[in-house]
Every structure is written in C-alpha cells, then in structure tokens.
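# Report on the structure
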Amino acid sequence: MDTAHFVIDKPERWDSSFDSDMTEADVNRLLEIRPFSEMNSGKFSKRTPLRGILKNDARIRRFKNGEIIVRAGDYGSSAFLVLAGNARVVLDPGLPVSLLGQRKSQHKSLFQIVAQLWTNPRDPEVRTPAELEQDTGVKVGGEFKGVFLQDVPRILDEHLTATMSPGDFFGEIAALSRSARTSTIFAVGDATEMLEIRWQGLRDLLRFDDHLRHHIDRIYRERTLATHLREIPIFRRLNDEQLKRVIEQTQFGTYGDYDWSGDYKRLVKEGTRSPEKETIIAQEGDYPNGVVLIRSGFARLSQKFGHGHRTLNYLSAGSQFGLREIAHNWAHKDTVPFQHSLRVIGYTHVIVVPAPVMEEIVLPTVPRDQLPEFFTPAELAGTEQSESQQKLDAGAKIGPELMEFLTENRYFNGTSTMVIDMERCTRCDDCVRACASANEGNPRFLRHGQTTGRIMVANSCMHCADPVCLIGCPTGAIHRGQTGGEVVVNQATCIGCSICSNNCPYEAIRMVEIREEDGAFMVDKDMKPIVKATKCDLCSDQLGGPACERSCPHGALKRMDMNNLDSFAKWLQR
Amino acid sequence: MKDQLPSPDFDRSRYDRPNQDWECGWTCDGCPCRIGPSPSGTCRATAECRPVLEKKDGEDKGRWRCTRSKEHGGPCTNGPLPSGGCACPIPTCQPRRSLRNQRGRLCVAVTAVTLALLLVGFFGPWQWRFISAGPVSSNHHGVVFAQMKHSWPGSDGCGACHTAAHGDLHEWMRAAFRARPGPFEPHRLLTATAGMTELDNHCLSCHPGHRFHQPNVTRDHSCSACHREHQGSGRMPPPADTQCLSCHGNGTVMEASRKAGEKLPPAAFDYRQVAGRQHFQVPRPERGYTRVFKSFDTDHPEFQLHAQKLTDTNSLRFNHSLHLSSLVQRNGQPLACADCHQPAAAGAHFQAITFAKHCQSCHALQFDARNPQLRVPHGDPVGVRAFLRSLPTQYADLARRSGVTAQADTEKFVAEEMRLLRERAFSGENLEQQIFFASDPSKQLTVGASPGNASPRARFAGCAYCHDVKPGGADGLPHIARVFTPDRWLIRGEFNHAKHTIVNCAQCHDAASSRRTEDILLPNKQSCTECHSPAGGVSQTCATCHSYHTVHGSQPQTKR
Amino acid sequence: MSGFVRRRLLWGSLLLAATLAVISAYARWAGATTREAYLSGWVLFGLMVLLTGYNWFKKIPYLPMGRSEVWLQFHIYAGLFTGVLFLLHVRGRWPTGWFEIVLTVLYVLVMVSGVLGILISRGWPKRLSARGGEVPFERIPIVRRQLREQAEALALNSVAEARSATIAEFHARRLHAFFAGPQNFLSHVFEIRLPLNALLNELGDLNRFLNEQERKVTAQLVTLVRQKDGLDYQHALQLTLRLWLFIHIPVTYSLMLCALAHIVLVYGFSAGVR
C-alpha cells in the first residue's frame, strides 16, 4: 500500500445514479469484461459493492463517427473505458479550438472597439448570425447533445492520432485530480461504445481493486508527478535518479466528500458547514510525517485559538504544508510537531512526500539559505511571530470575519473575484454600464452579492482556479480562453442546457433568452425561446482589461485574485 | 456591522440593465414583463408563449401546444386558444424612460432652453443691456456721451465704441476674428503686447493719443491696458501701479521718453492750464519726468518744490509766524489756521484767500483814527486816488450817515476833519503818497477798532505794508505788483485735505516758524511716507496722488 | 499612511502648487498689461471642456484611457482649481453685466452641486452599508412589491384565522399606504427615524387588542415594516446619489454654451488688451 486514500464515502449519491437507464443486464455484461471481470468483488465493502458502483456510478455511452468524447482543456469529473469500437487521441498539436466548440481568443481591433459606440445593439441580448455561426467542421446534436467532427478522414489525415482500443482507460487523472483534459479524443466509426464512470465511482474502484490502482498509480507517477515535482522549487535540484526515488515513495490522495458545485449550495443554505466538520489532512500537534503538496482543490490552514480554530489562510494548488517543520526537524534533530492544521475545503487532491524521503534525498540538495526559516523557541512557545508565519497569516491581515466569509463562501476559488468596497461604492452602476458597453450592450454581472461588513463579492464570474462550471458542458462551449485562462462561453456552441449555470456556486452564470437583431426572441422549432449561458469574459476581447474595474470612479470595485490575500489586504487598507 | 439589515431576496438570475433607455412600465409595480420595451420605447408585450401546432400522422387539424418554458412556469393549465393564440396575454404597458435616459433628456432640454434664452438675450429687445458687461462708468456719462448714444440708436449706444455693435451676429464674429490675437490664437496671448487695438481708436476720437499725459510718451499703450470700463456706474477704477511702472519702472522706455522730450519745444509741455485756476508753476526738470522708480516710499523723487528748493514768488508780504503768534488775536484768541484756510465745498482744497474774506476783518484799511468808518478802498490804485480826492465828500457822507442833517453842521464837520487830516499829512498829495507807499508800521496812520468790534484792528501803514508798491505807474499812480496766490501747489499730484483731517495742519505745514512769504510750507515726501508706505499702512499707489490724464485735473479724485 | 490619505495629499499638493503658480503668474502678468483675463479665461474654458468630457469618457469605457478613478480625482481637483481660476478671471468681484451674472450663477451652481455631490458620494455609501438591506436600485420596486404582497397576505389571512379584523383594519388604515410606494424620503436622507418608530409604536399599541396568534402576525408585520423601511432608506439615498447629477450635468452644458457665447462676445466686443 503505497498510496493512501482517505475517503469518507457517501453512498447517498446513489440516490440519483449517474444514469437511471443502466439495467442489471448492462451491469452483468460489464462484469464479464476486463478489467471488471478480473476484479475481486469480495474485496469491495458492503456499502459500495462493485455491482452498485457499476450500476449507479457508470453509464454506457455510444458515440457516433466523429463525435468528440473529451476535449483538450475541458474539465471533467468522469473517466472513460473503451468498451467497443475505437477512439482516437489527437496528439500534439491538437485540433483547432473552433473544432472543439470553443471560441478563438482574440482582441478586437482598435476600430472595432471604437465602433462599439454605434454598433452595439440597442436591444438586450441580440445575437448576430455571425456570432452564432459554428465552425462548419463540427455539428452539435445527438442524444447527449454532443459535438461531431464532420470530416473525420481529413482530421485523421492532418493530425497525428493514436488509437484507443477496448479495455483502454482514459480521463482518469483529469477526473481524479480535477485538472484539465490534456488531449482531445473522438470516436471513429458509429459503433464506438464507452463506459463513463463518474469520479466517485472511480475512486471507489481504485480503493478496492489493487490492480486498477496500481495501473493508475503508475500512469499518474509517470505522466504527472515528475513534471509536477519539477515545478516545485525545493525539488528542482534533484537529478533524475533522485527524482525517480522520490516519485517512487511519494503518496497521493484525494480528499473530500461531495461535489462542491451542486451539494455545496445546498449545504451553505442549511448552514451545516463548519470547519470542525471538514476532513483533516494534517492535524496541528501531530508528528510531521511528510510534506503535503496541494495538487488541486483547496485546503484550509488553521491554528488553535482559544477553544476554536482560527483560519490563517487557505492553500490552493501549488502550495505546500509542513515543509518548515520537517526542515527544522532535519536540521536540528528535533521533533517539532505540525504547527497548523490542514483541512479539506470541499475537494482536495494532495501529494505527500514522506518525511524520510525529504530528509534523505531532498533536503540535502537544498542550499541552506533556501531552506525555510527554522523555528525559534519563542515562536514555538507562542510568544512571538516569525516572518514566515506572518506571511502565511492572511487571516490576521484581512481580519478573521472576512477570512471566514471568503472561506465559507469558497471565494478563494476566484482569480478575478469582483469585490466591491460598499463604503466607497455610490451605487452609480457605472461598472454595469461599462460592462454592458463592452459586451454588445449587455451587462455580464449583477452588482449584488454576498456581503460582509463593507465588502461585497458581486455575482460576477470569478474565473475560478477550479472552474466547476466547466464540468459537464456537453459541447465545450464554456471553456478557458487560450491566452489568459479566463472562462468564456462560446455563444455559437452553447445549447442553453444550463448545466454550467446550475453548477456555478457563485450565481455568476445567467441564462438569457436571445434576440434577433430586430428585438424578437429567437425560438427553436418548438417555438421555445433559445437561451444561452452568459457570463463575464473579463473583457478578454477588449483592450485594457476588465471595463468594470477601470470604470469605477471611486476605486470601489476591484477584480481580485483571491489567492493573493496580501494584495487584497493591501487594497482593503488603502 | 452586525445590525446590518439582511439583503432582501430577489430574483438574481436576471441581469440589471441600467444601460437600457426604457424600462417596462410595470417595473414600478414590481412586475416587469420578460419581453421589455423596444429601444424606441414602445411596448412589445404580446403573450407568454407562441403555441405550436402539432399534427400527428393522419390527423387533419392537429393540436395547439403551449410552449411556455420551464423558467416561466411551464405549459399553462388552460392551454392555447382554439385559434392557436396564447391564452395568457401579457398586459401592455406604457414603458418608462430609465432614470439615466431622463437625465439625458433633461440635459438636452436644458441645453435647448439655454440656447433659446441666449438667442432671446442676444437678439431680443434688451440685447445690448443683456450682453453689456456692466454699466458704463460715470466718466463716460454726460452730454457728449448722450449725443454719441443717439448717433448709434440701434445699439443702445454700444456702437459708439464697439464696432461689433454696428451689425448682427455676423458682424460680431467678424469683429471677433479681427481681434489680435484672434480667438484661435490663444497661444499668442502670452507674448501679446499692449499695443493699440481697434477699440482704442474709438477712445482716441475723444482722447487724442497719449499727449494728454506727457507729450513725450513713446509707447502706444492701449487704453484698456489701464482702464476697465463697464465695471459699474461709479467712477472708473484707478489703474494699478504696475501699469504705471510698466513705463516708469522701465529704464529703456524712460530713456526713450527723455530723448523724445528733448526734441519737443518746452511749450509743448505747458498744457496744464485750467481756466480760472492759479497753478504754482514749476519749471520742467532738465530730464523731464523720466526717472525710473518702483514705488513711492523707496525711490519716488522728492517733490520738485523741495528738490529744487523753489520759493513762493508771491509779491504779497505775509508772515505766517506773526499771524499765528499771540500778538495777533481775534476775539481774544490767537489765530488758528482754519481762521483763514477754510475748506472749499468738497473739503479737498481750501477756498482761495481773498482780501475781502480773509484779510479785511483785521486789515480794514482805516486811515483816520477819528473816523474808523472811513476805509481806503482795496483793489485798485485809481479807486484809492479817487477816494482820497473826494475826501470832503466822503466826510460829508459820513456826517450824514451819523445823523448830522443841518448843512452848516456838515460843512463844519468836513472842514474840521479835513483840517485835522492835513495836519497829519500836510497835504493831499502827501496823504496819497503816504497811503500808497508807507510800509513802516511805526508811521502808521491809525490804530483803532471798528465800531462794535472788540478786537483790535491791524495797523494800516499803507499799501506797501503788504503789497509790492513801486512808483512809476500811469498818471503818477504807483504800480502795485499783482498778488499771485496759487490755488494748487502740486499740479502733478492731487492732495485731498478732507482725507487727512486725522492729522493736524502743523504736522505737515510748519507755518508757525515761517516768517517769509517765500517759504513754501508744503511737507516733503518723507512726511508723506510716514503714512503712505508699507510701514505706515496707508495706500501708496500711484493713483493715490496722480492722475494720468491731467488735462482734466480740475476734477479732483475725491469720490474714490 | 493609507493610500487614500497619500492620494489626497498628492492631489491636494498638486492643486496647491497649481494655485500658487497661477496666482504668482497672475501677479506678474497683471502689471505687464498682457491679456491675463483672456489667458485665465482660455485656461478656465479648456479645463471646463476637460471636466465636461468626464461624462463622455464614461460612455466609452472600453477604450483604454486610464482608470475612471484617476479621472475622477482629476475631475475633483481640477474642478476645485477652476474655482481659483474663476476668481482670478472675474478678479474677485461680483459681475456687473446681466449676462456675466448669468454665467457666474451657472458656474456657482455647477461648482456647488459638484462639491455637494462629492461630499455625498464619499459619505453616504458608509451610511448605506451600515444600514444594510442592500438592493440594486432597479430591483427596489420588485422587492417592494414582494413586501407589499407579503404584508397584504398576512393581514388578509389574519382575518380568517383569528376571526378579527383588527390587523386588517390597521393594514388598510396605515400599512397599505406605507407599503404602496417609497415613503419618508426626507427623513431617510436626514437620518431621522421618527416615522418608522411612530409606525412601530402604533403596531406595538395594537398588540393590546390581539390574541396570541395575531401577535405572531404583528411580529411578522414588524419585520416586514423594518424591511420596507430599510428598502425606503436604500431608495432615498440611492436616488439622491443619482439625482444630484440631474443638476450638475445639465447645468454644466448650459454653462458651457454660455461660456462659448461669452468668448464670442469678449472677442467681438472687448478686443482690448485685458
């Protein structure tokens, strides 16, 4: 057991199974196919038997020729197993973005920008035919409203592809670590059949089946860990041999007990959230057995304070925990326990480098001056604060109330969260008007939102670090921009299914009924109005950044990266 | 912050669109419809859905199906009308302009009203009074100006000075573009000189050039450089020192003026005569008045009277010291300055000293102590001679006036008095000579008092006692030099005594120690700067004393 | 030192420097018989054009012309600076001509409304956020309608439930009008709570005639009344924060027109050197 999975399972998810049409026959059929046929169902817990997982957490999907199964850049919460037919992985370079249902990121020309003065339609939500025009290379439709590549032979001809055959798994890393899909996979031939397993099911499969876990561990270590560790400064000096040894002994795991898109809104409403109930990754006062590196998701860093916990900060992808303690212990042959607690907020995927590995392999390669600051007796006694502690302690800088507010509402996810200082804001709506004039006369946010004290977080897209809205978009219409990473909706391929809008925990995506240029609502064959998802695109096609921020006459509105609470604190105390 | 009201619940799945010009008329009722008004503000409300006709195979008529979407409540219970129309019409409304649109309209309206009012103001019945920058100063009121006003009746007299007023807006614009620097050359304003402008030509038609200041002015200075008209109906405000100093503080300008002055005949500068007024004439200094200076208290030249040690050339002998001493009394009191120097009506200056008003009450010219009623007439030697030659008649007259009626008594009185007079003066000729020429107080003719007057009369020793009497006039009459008592001593500056009542006369005028007529009792500059200096705190601007256009020096600047 | 204080100091010292510079320049020019009134007039007019342009700048937020915040700072301090220029231009005296009086009055209106505007823009947001009950201005009628309907439903239901019309009568007499539209505008603007307290007292007095069940209803009504009062507060203050521009901007255009006319007049009629 070299991989730890600390999981609290909630089989209530089976109340709504992934696909209610899954029949027992389907399950029986699956159980005869590898790898399920090789799994020992006896190893599965009674709460989550293999049959149950296959019935409730998986679905069989059939793809037509050219249908895109996963898209590079998409966020998905499920993995795929090829059952029949074949699928092709598009190797580097990938397909053009327009074929993926995405919009090509580009700036408007200066003339186009000036021309907005008179070209902006006077009706709300007008869409021109040009805006709704899809790439002719793809077609949207089908049972799952999929996107179909129209000219498969030509794509096979022009792009490097690799074939995936029955029994092949893909998308599991992206599903488990909530990272973007690395490549596009599409079906070739009409007989392609896939088993799609949602991530909870996949997680349980891994827990109870050693073979699959070893398989995925291996892939994960090979493909992901090496590159990931290389990016972390403290591992940068390792040679290939050392890195290999580190990778071998590194553990990783996924924490969390719910999807934080849907469930979270409900839990917040019920008021049942509290830090004490969050899963603990590492506990203050425990012996530091490894450095925790956060790979995706978020974790709360807290410290005992009186009889409660005080949130110091939240850690996001790329942060580490415990390095200071381990380095100190290594250098001083001391046993300083963890000084903080690390708790899961929603969902966290972490990598743990055990303390012995750190001490034997990693730390000796680090020059003394690049090691973290050691603890002083005074700091351990709690009589003074070290520099690193102060740096970490954003809660002290922005105040515990605001810290709790940001954590409670998960606003740390935002990289461009719209915060409004309500003691400066005159409610003049200049920001809304500016937004509208930069978006064909349509505002893309609501100047309203959760408030604490003088800070309001407006209902505008925060361009999350972990964009849950991207999960489940059937056409890839909502995607990250190619340059700035901003989350945008391609109006041409959006089919108005509202999945992203319902997923967004921050009410930042609004469905609108679109109009013709003469102001009439566009309707489909059924005379139902066509709706599209709309949201802030961070003015990515305009010059000079978000118009809302620039247009605030009182400096009350700021797009803030919530992972840089220092700048937030600075802005608060301006 | 804990007692903040919670934010009320409302539908957050819709955007607010404050940028739209119109909002649904039902908004103020709190229930705007989903369709919304058109950009031009008409209600577009129709119905909640557009039913769709569904025909199954083999069916003839088909069935209308409600297509209302889930977000708006899903298909309605009643379903579409048989005709295919929606059974849930949306009530139409009268769309309202958004607040911001109303503001825009207000802007347009206010702009339009302003434009209209400006048109009325500029071209309406009171156009000239409206555009005028203010009433014209009192300097430019009067008969001449009333006439000028009549010569430009169409423009309420504005045309007299302003060419632009000769026409309409077109002419205004033309005048505006004739201005130098023009409206589109604001950058030239920095370097523009104060030369003559079109407007000044109108000033020049009455005020001929700068000769009314000094004939040797070398710069063409625009009148408006110093003078602001239309500042109110009072007098024009005085120009600031800086304007004077732009020439007088500038060595080159002064040097040029000096050279120009040298070429001019001295008579050219003799321009300050005012009819009926006696000025104390000061000779023009060699260099003219071209000394460069910056302020009154520091480097303003000493008054010429003192600088050139000028003396009073008056032929009348007058001893201020004697008159102010206790020897001379009036009603038992020594004389005070104000006994003779009585303020003129405005108080700025004093009434001219005349024999009749100021001397005669003491110097009664009584030559016969027995008959103080008889007095030598003052003013004309011929009259004196005629008086003396008719002395018997004068005595007869006196007798009659004193109540002697009988012819014999009168003759007796005349003969007696004439005899006594002759005893003293030997003969008629002698008497006349004595009256004209005697100046020795010891040979006085008489001392006495007028009837009813307690104060002793000044002694009358003869005309020459006060006057410069020389023999050699026509018919053997003496030549009495003309008395020249100046009305104004300082002709380049004005002094307002009324403004200086705070100080005693003697603080400036050292009259008590002046025994000679030649003494000019005017204070020097230093005694002025005791107050008129930054230290003294009293204004020391040029215009405090000087007027640029001294041709009108008759108008003292008292109303300021 | 906080950023706002530093900014105020920076702009304030800029204003002071500009004021000192222009006054000393004026003192120097005033004697040199140049056209200092023309100069100050042109600078004043140019500044006023820039200040007016702020409104137009806001209409093109997508052009990268700097942050509106900076422009507002410029607007405020340059606006104050026009006061200095204006005083110099009119040489500190009240004008004598009719048209010039019109110009002065317009200028004073713009200036005063601007100063009042910035005062309330800086001060009132604190009041709004301290009071809470934040609603976007456009949504206020919708929320008001919700509150009104809730209050009506409470009053109506109480009749059937308690078999007494006391609350319904009170609603008809007092609350109906209260919930019908924005109320007590001026007391909200001047932070006077008397009307709310009076209404709440009346509701409290009503309790004497009510049974237990009805008292629960009045308790709910009290909550609604407080919410409605908070809504009115938001409405009054947010409306005023918008309405001051109804003076500032239109009068500005009026002033600019008159200023143009003034320039024509000055060049056409004065054409002197000052």
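Residues numbered from 1 in each chain as written. Chains lettered and ligands numbered in written order. Predicted model: local features only at pLDDT ≥ 70, side-chain atom pairs only at ≥ 80, totals over all residues. Heavy atoms only, no water.

### Let's talk about the overall build of chain C
- Regarding its fold elements, chain C presents nine helices and zero strands.
- Overall, chain C shows an N-to-C arrangement of helices and strands of α-α-α-α-α-α-α-α-α.
- Taken over C-alpha atoms, the radius of gyration comes to 27 Å for chain C, far larger than the 19 Å a tight globule of 274 residues would show.
- Across its three principal axes, chain C shows a C-alpha extent of roughly 90 × 45 × 35 Å.
- The 274 residues of chain C split such that 56% are buried.
- Once local pairs closer than 6 in sequence are excluded, the contacts in chain C between residues at least 24 apart make up 82%. (Helix = DSSP H or I, 4+ residues; strand = E, 2+ residues; numbered from the N terminus. Rg over C-alpha atoms; globule rule 2.2 N^0.38 Å. Buried < 20%, exposed > 50% of the residue type's maximum accessible area, 1.4 Å probe, protein only. Contact = heavy atoms within 4.5 Å.)

### Points about the side chain of A:T184
Residue and element names in this part refer to chain A.
- Position of T184 among the secondary structure elements: in the loop between α6 (172-177) and β8 (185-198).
- The exposure class assigned to T184 is buried, which follows from its relative accessible area of 3%.
- A distance of 3.1 Å separates a polar side-chain atom of T184 from the backbone nitrogen of A72.
- Setting aside chain neighbours within four positions, we find T184 in contact with I68, V70, R71, A72, R88, V89, V90, L95 and L100. (Polar contact = N/O pair within 3.5 Å; in protein donor to acceptor, adjacent residues only side chain to side chain.)

### A short note on the sheet that holds strand β22 (residues 557-560) of chain A
Residue and element names in this part refer to chain A.
- Read across the sheet, four strands follow the order β16-β17-β15-β22 without closing on themselves; strand pairing throughout is antiparallel. The outermost strands of the open sheet, each flanked by one partner alone, are β16 (446-452) and β22. On average, each strand axis in the sheet is inclined to that of its neighbour by 35°, with strand direction left out of account.
- Pairing analysis gives four bridges linking strand β15 (residues 417-421) to β22, with the strands arranged antiparallel. (Pairing = 2+ DSSP bridges. Axes fitted to C-alpha atoms, helices over the stretch in contact; angles between N-to-C directions.)

### Focus: the nonpolar core
- A:F36, A:L195, A:L205, A:L229, A:F235, A:V246 and A:M358 are the most contacted members of the largest nonpolar core, which has 53 residues in total.
- With residues near it in sequence (within four places) discarded, A:L229 still touches A:F235, A:L243, A:V246, A:I247, A:T250 and A:L293.
- With 52 residues, the next largest nonpolar core counts B:A176, C:Y38, C:V90 and C:V110 among its residues. (Core = buried A, V, L, I, M, F, W, Y, C linked by side-chain atoms within 4.5 Å.)

### Focus: the pairing of β15(A)
All names here are of chain A.
- Burial of β15 is extensive: five of the five residues sit out of reach of the surface.
- Burial of the side chains of β15 extends over both faces: T417, V419 and D421 are buried on one face and M418 and I420 on the other.
- When β15 meets strand β17 (residues 455-459), the two strands line up antiparallel, connected through three bridges. Bridging from a neighbouring strand, D421 pairs with I455 of β17.

### Comments concerning the domain arrangement of chain C
- Taken domain by domain, chain C holds domain 1 (1-90) and domain 2 (137-238).
- Once you take the C-alpha centre of each, domain 1 of chain C and domain 2 of chain C turn out to be 49 Å apart. (Domains from an automatic or database assignment.)

### Concerning the packing of aromatic side chains
- One pass over the full model with this rule turns up 32 aromatic pairs over all chains.
- Ring geometry for A:Y411 against A:Y506: centres 5.8 Å apart, planes inclined by 35°, an arrangement best described as tilted. Linking A:Y411 in the loop between α16 (400-408) and β15 with A:Y506 in the loop between α18 (499-503) and β20 (510-513), this pair joins segments that are 95 residues apart in sequence. When sorted by exposure, A:Y411 lands in the same class as A:Y506, which is buried.
- In textbook terms, an aromatic cluster arises when at least three aromatic residues are bridged by ring pairs, as seen for B:F122, B:F123, B:W128, B:F130, B:W172, C:F99 and C:F269. (Phe/Tyr/Trp six-rings, centres within 6.5 Å; stacked < 30°, edge-to-face > 60°.)

### What about the interface of chain A and chain C?
- At the junction of the two partners, chain A supplies 33 residues and chain C supplies 33 residues.
- Approximately 2700 Å² of surface area, both sides summed, lies buried where chain A meets chain C, with 57% of it carried by carbon and sulfur atoms.
- Three residues, A:R424, A:R427 and A:R550, lead the burial of chain A against chain C; their summed loss comes to 25% of the area buried on that side.
- For the interface between chain A and chain C, the tally reads three salt bridges.
- One salt bridge connects A:D429 with C:R242, and the closest N-O pair in it is separated by 3.1 Å. (Buried area = accessible area lost by both parts, 1.4 Å probe. Salt bridge = Lys/Arg side-chain N within 4 Å of Asp/Glu carboxyl O.)

### Notes on the interface of chain C and chain B
- Counting from both sides, the interface comprises 60 residues of chain C and, opposite them, 74 residues of chain B.
- Between chain C and chain B, roughly 5700 Å² of surface is buried when both sides are summed, and carbon and sulfur atoms account for 65% of that area.
- Applying the counting rule to chain C against chain B returns one salt bridge.
- In this structure, the salt-bridge partner of B:D16 is C:R139, at a minimum N-O distance of 2.6 Å.
- Elements represented by at least two residues in the side of chain C that touches chain B include exactly α1 (3-31), α2 (36-57), α4 (98-131), α5 (140-162) and α9 (212-270) of chain C.
- Counting residues per element, the side of chain C that touches chain B draws most heavily on α9(C), at 19 residues.
- Taken together, the residues that form the side of chain C that touches chain B break down as 30 nonpolar, 15 polar and 15 charged. (Nonpolar A, V, L, I, M, F, W, Y, C, P; charged D, E, K, R; others polar.)

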